Amino acid sequence: MKLTRVTLSILTLIAANQSFAAVETELGTLNADFRLRYESVDQDNALKDASALTLRSLGNFKTKTFAGVSAFIELENTLAVIDDYNNGIGDGTEYSVVADPESTEIDQLYLAYNTEQFSAKLGRQVITLDNHRFVGHVGWRQDKQTFDAFSARYEKDAINASYAYINKRNRIFADEKDLDSKDHLFNASLKTDFGKLIAYGYLLVVDNNTENSLDTYGVRLVGKKNVAELPVSYSAEYALQSNDSGANSYDTQYLLLESGVTYRDITYKLGYESLGSDKGEQAFQTPLATLHKFNGWADQFLTTPAAGLQDLYASLSGNAFSGKWSLVYHTYSADESLAGDDDLGSEFDVVYSKSFNKQYSLGVKYAAYMAGDEAFAKVDTNKLWVWVGAKF
């Protein structure tokens, strides 16, 4: 652990020194990335309000390519400057959760092979597929998600196909909640005149000496067309999921419909997402996803409730003061009613972010969740984030 901390410090200092970095280009590319973020959580329950000020420091090095082969190493450290929060691994349990525990770890370490049409990686790596709904890096959290895996991709003309085998999920809670696994990820896409058509199969198994599997098969279409000289985007997706655990077996469905249009530099979107339930006993789950990106930034549905989730949402986004802004509204309901109740609440989200000189960034973000029916045991939740970042 001490060696990792020292190595990370050396890497980040070197990356910040432009003269040294110029020498290092003979061997490869060295980068550093820092993000200082304040997060507060206020919930209408007995927990204390959480306040967290964390600094994430990241340094990586990619070697030059020789005969198509290269190597990559990335070290990551998260330091809590203010730690009045539940970090998700047992500290500060009297507070609300901010899922950014202190950690120092090798975030990525892999060998890569690349040709014009084929690429492969072996080792600890980031894997993202499509829009991160099923497989993502959870980059919003300070300790992003990576995988110990073999992955391969083939791309030629309109065809793109990938496969990955994962034997460990390095999740966002340092080493405390990493999971051994036997996961197979299949994904293939074809570019057509109507958009990109994608088919996938994600076969997930937690390697914990129990009988379990989570198999998902789906299709997705994403595209953009000009209608009356306006750019119109559209997405449609459908998936079936089988969840087996010992003697229990559940079958659920997923549906996404979304469309957007840009008019006078403002993008308007309307969408509907359904994560179905099997008779209110088990719902559709996406355990490898970048979950913060979906179903509201207050993170009330990181695990889909057993009754399922229907999310009807609308958003506005655009540019202002050389930065980007977004407003999002969600209204939630259960796929299966619980004791006659199906209102899972609503949420309002807003964000503004800005970059300077391609190296520096800042942002502010707010989420307000209003609870629905008491049967679902949700409470009103407000979250605020303010951050600055630097890349070298």
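Residues numbered from 1 in each chain as written. Predicted model: local features only at pLDDT ≥ 70, side-chain atom pairs only at ≥ 80, totals over all residues. Heavy atoms only, no water.

Asker: Just checking my understanding: could you explain a negative patch on the surface for this structure?
Answerer: Negative charge collects at one region of the surface, where Asp83, Asp84, Asp91, Glu94, Glu102, Asp175 and Glu176 lie side by side. Relative to the elements of secondary structure, Glu94 occurs in the loop between strand E3 (69–84) and strand E4 (103–114). (Patch = residues over 30% accessible without salt bridge, like charges linked within 9 Å, V, L, I, M, F, W, Y side chains within 5 Å. Areas by Shrake-Rupley, 256 points an atom, 1.4 Å probe, with all protein chains shown as cover. Salt bridge = Lys/Arg side-chain N within 4 Å of Asp/Glu carboxyl O. Lys, Arg positive; Asp, Glu negative; His and termini not counted. Charge placed at Lys NZ, Arg CZ, Asp CG, Glu CD. Helix = DSSP H or I, 4+ residues; strand = E, 2+ residues; numbered from the N terminus.)

Asker: Before we go on, may I ask you to explain the packing of aromatic side chains in this structure?
Answerer: Geometry of an aromatic ring pair is reported as the spacing of the ring centres plus the angle between the planes. The tally for this structure, following the rule as stated, stands at 15 aromatic pairs. Between Phe134 and Tyr202 the ring centres are 5.8 Å apart and the planes differ by 40°, which places this aromatic pair in the tilted class. On the criterion of sequence distance, the pair formed by Phe134 in the loop between strand E5 (118–125) and strand E6 (146–156) and Tyr202 in strand E9 (residues 195–204) is long-range, its members being 68 residues apart. A residue is classified by how much of its surface remains accessible, and Phe134, at 9% relative accessible area, is buried. With a relative accessible area of 4%, Tyr202 lands in the buried category. On the basis of an interplanar angle of 85° and a centroid distance of 5.5 Å, the ring pair of Trp140 and Trp387 is categorised as edge-to-face. One end of the pair, Trp140, is in the loop between E5 and E6; the other, Trp387, is in strand E20 (residues 381–391), and 247 residues separate them in sequence. Accessibility assignment for this pair places Trp140 and Trp387 in one class, buried. (Phe/Tyr/Trp six-rings, centres within 6.5 Å; stacked < 30°, edge-to-face > 60°. Buried < 20%, exposed > 50% of the residue type's maximum accessible area, 1.4 Å probe, protein only.)

Asker: Even after reading the chapter, I still don't get the side chain of Ser346, so can you show me in this structure?
Answerer: In this fold, Ser346 is placed in strand E18 (residues 341–356). Since its relative accessible area comes to 13%, Ser346 is described here as buried. Setting aside residues no more than four positions away along its own chain, Ser346 makes contact with Tyr329, His330, Thr331, Tyr332, Ala368, Tyr369 and Met370. (Contact = heavy atoms within 4.5 Å.)

Asker: Sorry, what's going on with the pairing of E4 here?
Answerer: Consecutive residues of a regular strand have side chains that alternate between opposite faces of the sheet. Pairing of E3 with E4 involves 10 bridges; the strand directions are antiparallel. Residue pairing across strands places Ile73 opposite Leu109, the latter belonging to E4. Taking the residues between adjacent antiparallel strands as the criterion, E4 and E5 are bridged by three residues. (Pairing = 2+ DSSP bridges.)

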